[in-house]
Structures are given as C-alpha cells and as structure tokens.
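# Fold and contact review
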Amino acid sequence: MQTTIRKCLFPAAGYGTRFLPATKAIPKEMLPVLTKPLLQYGVEEAIEAGLNTMAIVTGRGKRAIEDHFDISYELEHQIKGTSKESYLQEIRKVITNCTFSYTRQIEMKGLGHAILTGETLIGEEPFAVILADDLCDNEDAGVLAQMVQLYKKYKCSIVAVEEVPYEDTNKYGIVAIEEQLALKYEFREDESDAGETLNPDFSLGDKAFKITDMVEKPSPQDAPSNLAIIGRYILTPDIFDILRETKPGKGGEIQITDALLQQAKQGKVIAYKFQGKRFDCGSVDGFVAATNYFYNKSNA
Ligand code: UTP
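Read on for a plain summary of the structure. As the structure is a computational prediction, the values presented were derived from the model and not from experiment.

## Thoughts on the overall build of the protein chain
When you go through the protein chain residue by residue, the secondary structure sums to 11 helices and 13 strands. Taking 19 Å as the expected radius of gyration for a compact globule of 300 residues, we find that the protein chain reaches 19 Å, a close match to that expectation. Here the protein chain holds 300 residues, and the buried ones make up 53% of them. Put simply, of all contacts in the protein chain between residues at least 6 apart along the chain, 83% involve residues at least 24 apart. Between the averaged position of the 34 positive side-chain charges in the protein chain and that of its 44 negative side-chain charges there is a distance of 3 Å.

Structure below.
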C-alpha cells in the first residue's frame, strides 16, 4: 500500500445556503477572499504540503470549479505580453504543479457521504481532506504540511482541532482526548522512508492527543470538551469501508465524525492542535474576518 500522502480530497458539493443568494449560481468554494477563490487557497495549501493530486467532489452547478483549474485560451491570448499577465501567475503555477480529477455527488447526504463519493478518485491509500471554506494561514508551514509531518510518525488518521467557546460546540464535531503524544520525531533506522523526507527542524503546533470519543454538534452541556474538529483531515483508506456501513446520524446526514469514531475506538485517530489561524468562511462573519486579515497582510 502507498504510505506517503499524495492526494487531497476537496468535498465541494454542499449547497452553501448561508451565502444565498450569492451561491445560487456560484459555488461557495469559488467565492473570493481578495482576488482568489477559497478553493485555490486550499489547493495551494495542499501543494505546499507536498501533495500533487487534487480530487474534487463537486455537484450540480459547480462547473466553474473545473474551468478555474484549467487554461482559458481566450484570456491568455488577450492579456499575453501586457502588464495584466502577472495576475494569472499564481493560478498558472497551481495548474502546472498538480493534476485535478472530479467526481459528482448526486445527492447531498453529508460530509461523510461526500468523502465516500471521492473513493473512486483516491483508491487504497492514505489521503488528506481539505474543506475549502475553512481557510487556514500560518507564517511558517501550513496546517496540512504540519499534519503530513505528524502522519509520517504515527501513520494513522489525524484531525486538526481548535478550542472553541463552549456555546459554539453545537456547530462542530467535538473530541474527547486522553494521553498527549510526543511531537518530536525520533529517527529510527527501520523507518528509512519516513526518515528520509522528514524535516527534523519542522515546527509543529501545540500538542497532539489520542482521541477517545467524538460527538457531532453536541450542545455545550453534552460536549466532552471544547476541542472542535476543523476542515483538515488525514484519513487512512479503511475509512471508506467504515463509511459504507455508517448510518445517517445528526441531521439525517452521513457524518465523517461517526466513521472516525470507529477508528478512534481502536486508538487510531489523533487530534492535532495546529499552529496558525483558521477562518470559518462558511459563515459571513468568518468570511469578512478572513478578507480583512488577508487585506491587512497584503498591505503590511
Ligand atoms: P457545510 O455544511 O459547511 O457546507 O459542509 P454547506 O452545506 O455547503 O453549507 P451551508 O451550511 O448550506 O451554508 C462542509 C463541507 O462539506 C461539503 C461542503 O461543500 C463543505 O465544503 N459537503 C457537505 C459536501 O461536499 N457534500 C455534502 O453532502 C455536504
């Protein structure tokens, strides 16, 4: 089995109802923060983490996504040799540095179902998942790059977590944790493949923990902690078999949290408190905060 992470899955089939009417004809993942669509930020984070194969789960009305990650010959022709050509530099770099494949989720039955729909694009190998509406930024290595480093050591599923106010636990998957894991990587002779590519100076986030329980959108009084799962995952491929057996949970949707709990019961899921900032761009408040943050950063 392939053990390095090469592929990143982007579930992008949701309706984005919180952004209606903007998302009536435009996918939520294509809404721009400054001049760049949310999905492009996600793809750039995956490339930075060393991944080169982007697998996108789309749905009806999401064709703009495929067009964005393709050459627009007419546009290229129009602006060739002009000062405006520089505006296309970043997206050209993305297109030449990775491949894109797509599949459609026919019925929107939840995030777990969207990930299962992506199985045909992923196959039998560990993979990353980015929810592009969670926009992350870090001065040092990106959040996914940090998680890939952690995967090299532990070779199991990993979820990025962040402390949220208790009154917000009902918006997230919430984890219960036990023992704290060592983050420093010790090189071992018998793990030469991991040792070769690992950067020993890599600065990881705060802490990693073994997960003992997870609950989807609990009310504050039922929440086992205030550690919320955000839109970055590394998953081992056995998750697909588990998802196939997972019954609809909270909200009648197939929840990735319920499937991950099966792996967690075998001690195989890590919660990682990442280094960096996260903006919930699926909400208007988070989107505005991200826009202000990136605007100030670009003018600093
Ligand atoms: P969200 O619940 O945040 O997205 O799902 P949404 O449903 O599009 O947004 P609202 O609540 O209606 O405003 C998290 C991620 O999972 C994807 C979404 O596209 C988003 O990236 N998703 C969700 C799917 O791909 N398929 C689904 O059936 C559900």
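## A look at the nonpolar core
The biggest cluster of nonpolar side chains holds 42 residues, and the ones touching the most others in it are Cys8, Phe10, Leu51, Met54, Leu144 and Ile234. The biggest single contributor to this core is helix α7 (residues 143-154), with seven residues. Non-local contacts of Met54, meaning those with residues more than four positions away in its chain, are made with Cys8, Phe10, Val43, Ala46, Ile47, Cys98, Thr99, Phe100 and Ser101. The next biggest cluster of nonpolar side chains, apart from the first, holds 33 residues, and it includes Ala114, Leu116, Leu260 and Ala271.

## Regarding the site of the ligand
Taken together, the neighbourhood of the ligand is formed by 17 residues, with Gly14, Gly16, Thr17, Gln105 and Gly110 sitting nearest. At 3.0 Å, a backbone N or O of Pro11 approaches an oxygen atom of the ligand. Burial of the ligand by the protein amounts to 82% of the accessible area it has alone, namely 570 Å². Tallied by class, the residues present in the shell around the ligand amount to seven nonpolar, five polar and five charged.

## A short note on helix α1 (residues 38-48)
The element α1 is largely enclosed, with a buried count of eight among its 11 residues. Listed as buried for α1 are Leu38, Leu39, Gln40, Tyr41, Gly42, Val43, Glu45 and Ala46. Positive phi appears at Gly50, one or two residues downstream of α1, with a value of about 95°.

## With respect to α7
In a regular helix each residue adds 1.5 Å, so 12 residues correspond to 16 Å; α7 covers 17 Å between its end C-alpha atoms and thus fits that length. Within α7, 11 of the 12 residues are buried, leaving the element largely enclosed by the surrounding structure. Restricting attention to buried positions, one finds in α7 the residues Val143, Leu144, Ala145, Gln146, Met147, Val148, Gln149, Leu150, Tyr151, Lys152 and Lys153. A positive phi of about 50° marks Lys155, the residue just after α7.

## A short note on the pairing of strand β6 (residues 127-130)
Neither face of β6 is exposed, since Phe127 and Val129 on one face and Ala128 and Ile130 on the opposite face are all buried. Judged from the two bridges that link them, strand β1 (residues 7-11) and β6 form a sheet pairing that is parallel. Bridging from a neighbouring strand, Cys8 pairs with Ala128 of β6.

## Digging into the side chain of Arg278
Note that Arg278 resides in strand β13 (residues 277-280). In this structure the side chain of Arg278 is engaged in a polar contact, spanning 2.8 Å, whose partner is the side chain of Asp134. At a separation of 2.9 Å, a polar atom in the side chain of Arg278 contacts the side chain of Tyr172. Those residues within four positions of Arg278 in sequence are excluded, and the remaining contacts are Asp134, Leu135, Cys136, Glu162, Tyr172 and Ile230.

## Side note on the state of the cysteines
In total, this model carries zero disulfides according to the counting rule given. With no disulfide of its own, Cys98 lies closest to Cys8 among cysteine sulfurs, the gap being 9.9 Å. In this structure Cys98 comes out as buried when scored by relative accessible area, which is 9%. Take Cys136: it sits in no disulfide, and the sulfur closest to it among the cysteines is that of Cys281, at 9.3 Å.

Thresholds applied
Residues numbered from 1 in each chain as written. Predicted model: local features only at pLDDT ≥ 70, side-chain atom pairs only at ≥ 80, totals over all residues. Heavy atoms only, no water. Helix = DSSP H or I, 4+ residues; strand = E, 2+ residues; numbered from the N terminus. Rg over C-alpha atoms; globule rule 2.2 N^0.38 Å. Buried < 20%, exposed > 50% of the residue type's maximum accessible area, 1.4 Å probe, protein only. Contact = heavy atoms within 4.5 Å. Lys, Arg positive; Asp, Glu negative; His and termini not counted. Charge placed at Lys NZ, Arg CZ, Asp CG, Glu CD. Core = buried A, V, L, I, M, F, W, Y, C linked by side-chain atoms within 4.5 Å. Near = heavy atom within 4 Å. Polar contact = N/O pair within 3.5 Å; in protein donor to acceptor, adjacent residues only side chain to side chain. Areas by Shrake-Rupley, 256 points an atom, 1.4 Å probe, with all protein chains shown as cover. Nonpolar A, V, L, I, M, F, W, Y, C, P; charged D, E, K, R; others polar. Expected span 1.5 Å × (residues − 1). Pairing = 2+ DSSP bridges. Disulfide = S-S within 2.5 Å.

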